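Each chain, written out:
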Amino acid sequence: MIQEEPIFFEDLALSDDVLDALYDMRFEKCTPVQARCIPPILEGRDVIGIAQTGTGKTAAYLLPLLTLLKQESHPTDAVNCLVMAPTRELAQQIDQALQGFGYYVDVNGVAVYGGNDGVRYEQERKSLKRGADIVIATPGRLLTHLDLGTFDLSRTTHLVLDEADRMLDMGFSDDILKIVKHLPEQRQTILFSATMPAKIRELAHKIMHNPEEVSIAISKPAENIRQSLFICKENDKTAIIKHLFADQKPERVIIFCGSKQKVKEL
């Protein structure tokens, strides 16, 4: 098996401000999805990235977009880049990553997501009224702001759909298409998905222009890792975890949950 040579961020055409932030964060080498997605995004091409969570896909689109926003002339009172995510938790993660990667870049971002009180909504409304270089939003909350005329997307030049397959599984297909109608036809569209079923290809065909497809092979677990799957109802999950702990008595455990509420419950 031929070992690929590592690609370093400094080898790519990223802006100096972005590279300075990566240096501070001790990020030097690109992951495969970053190495293959960053160059075509910097060229302004539409890109489809097929990659699992944990492969570095957030940086794969934020780093080149920050560079493009740094290099391009763009209006200060418009939403220049829209990033859509399926859940509040992912929107928050992307917003945190943006604050790190964009530390030295003169761009401002606003995170827009549901499940908040009226105070948070009013903060979102005021921030959007002022204009934002990058808006990170869940589809439902974004549509609410659009319907109320809080802001417009008529001058947005970059669109990112993160975890697009999950958004479609959650029933956001119509919402996404409604939002896209508010965007100009001439824009760059980037789509990331863990899988590439027919419904994702259909969506890509509707909203993208001759996209470059980047597919990262799913890495296999180490041979000493045993994988198991339990088909169960939502209410049975905690009981199964208790049973596993009583049966196997593990010393160190990481449990991933689908929501903040589930984390609190566990």
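S.K.: Now, about the packing of aromatic side chains: what can you tell me, with residues and values included?
M.R.: Throughout the structure, instances matching the rule amount to three aromatic pairs. Centre to centre, the rings of Tyr-103 and Tyr-104 are 5.0 Å apart; their planes meet at 90°, and the pair counts as edge-to-face. By relative accessible area, Tyr-103 is classed as exposed at 60%. Residue Tyr-104 is classed as partly exposed on the basis of its relative accessible area, which comes to 38%. The ring centre of Tyr-23 lies 5.9 Å from the NZ or CZ of Arg-26, which sits over that ring.

S.K.: Give a detailed account of the layout of surface pockets, specifying residues and quantitative values.
M.R.: Considered as a void within the structure, the largest pocket measures approximately 1,800 Å³ in volume. With six residues, the top contributor of residues to the lining of the largest pocket is helix H10 (residues 237-248). For the lining of the largest pocket, the class distribution of residues is 18 nonpolar, ten polar and nine charged.

S.K.: Outline the side chain of Thr-150, supporting the account with residue identities and numerical values.
M.R.: Following the sequence through the fold, Thr-150 ends up in the loop between helix H6 (139-147) and strand E5 (158-161). Thr-150 gets classed as buried once you look at its relative accessible area, which sits at 5%. Excluding its chain neighbours within four sequence positions, the residues that come into contact with Thr-150 are Tyr-121, Arg-125, Leu-128, Lys-129 and His-145.

S.K.: Could you give an account of the side chain of Thr-138, with specific residues and numbers?
M.R.: Note that Thr-138 resides in the loop between strand E4 (134-137) and H6. A relative accessible area of 8% means that Thr-138 is categorised as buried. Apart from residues lying up to four places away in sequence, Thr-138 is in contact with Ala-85, Pro-86, Thr-87, Arg-88, Val-112, Tyr-113 and Gly-114.

S.K.: Give a description of the state of the cysteines that names residues and reports values.
M.R.: Tallied over the full model, the rule gives zero disulfides. The closest cysteine sulfur to the non-disulfide-bonded Cys-37 is located on Cys-30, 11 Å from its own sulfur. Residue classification places Cys-37 among the buried residues on the basis of a relative accessible area of 0%. No disulfide involves Cys-81; its nearest neighbouring cysteine sulfur is the one of Cys-37, lying 15 Å away. By relative accessible area, Cys-81 is classed as buried at 1%.

S.K.: With reference to specific residues and values, describe the packing of helix H8 (residues 173-180) against helix H9 (residues 198-207).
M.R.: Two elements in contact, H8 and H9, have axes whose closest approach is 11 Å; the angle formed by their N-to-C orientations is 10°. For the element pair H8 / H9, the angle class is roughly parallel. The segment H8 lies against H9, with Ile-176, Leu-177 and Val-180 engaging Leu-203, Lys-206 and Ile-207. Its residues placed into classes, the contact of H8 with H9 shows five nonpolar, no polar and one charged.

S.K.: Help me get a handle on a nonpolar patch on the surface, residues and values and all.
M.R.: Together, Phe-245, Val-253, Ile-255 and Leu-266 make up an exposed nonpolar region whose accessible area comes to about 330 Å². Relative to the assigned elements, Val-253 resides in the loop between H10 and helix H11 (260-265). Look at Val-253 and you get partly exposed, because its relative accessible area is 42%.

S.K.: For the pairing of strand E2 (residues 81-84), give the residues involved together with the corresponding values.
M.R.: Neither face of E2 is left uncovered, since the one carrying Cys-81 and Val-83 and the one carrying Leu-82 and Met-84 both have all their residues buried. Here E2 runs beside E4; their pairing, made up of four bridges, is parallel. The residue of E4 that forms the bridge with Val-83 is Ile-136. Sheet topology note: the E2/E5 ladder contains four bridges and is parallel. Bridging across to E5, Cys-81 finds its partner in His-158.

Here is what the cut-offs are and how they apply
Residues numbered from 1 in each chain as written. Predicted model: local features only at pLDDT ≥ 70, side-chain atom pairs only at ≥ 80, totals over all residues. Heavy atoms only, no water. Phe/Tyr/Trp six-rings, centres within 6.5 Å; stacked < 30°, edge-to-face > 60°. Buried < 20%, exposed > 50% of the residue type's maximum accessible area, 1.4 Å probe, protein only. Lys NZ or Arg CZ within 6 Å of the ring centre and 35° of its normal. 1 Å grid on protein atoms, 1.4 Å probe; cavity = no way out; pocket = protein on both sides within 12 Å on 5 of 7 lines; lining within 4 Å. Points joined across faces, edges and corners; volume = space filled by probe spheres on them. Helix = DSSP H or I, 4+ residues; strand = E, 2+ residues; numbered from the N terminus. Nonpolar A, V, L, I, M, F, W, Y, C, P; charged D, E, K, R; others polar. Contact = heavy atoms within 4.5 Å. Disulfide = S-S within 2.5 Å. Axes fitted to C-alpha atoms, helices over the stretch in contact; angles between N-to-C directions. Parallel < 35°, antiparallel > 145°, perpendicular 65-115°, else oblique. Patch = residues over 30% accessible without salt bridge, like charges linked within 9 Å, V, L, I, M, F, W, Y side chains within 5 Å. Areas by Shrake-Rupley, 256 points an atom, 1.4 Å probe, with all protein chains shown as cover. Salt bridge = Lys/Arg side-chain N within 4 Å of Asp/Glu carboxyl O. Pairing = 2+ DSSP bridges.

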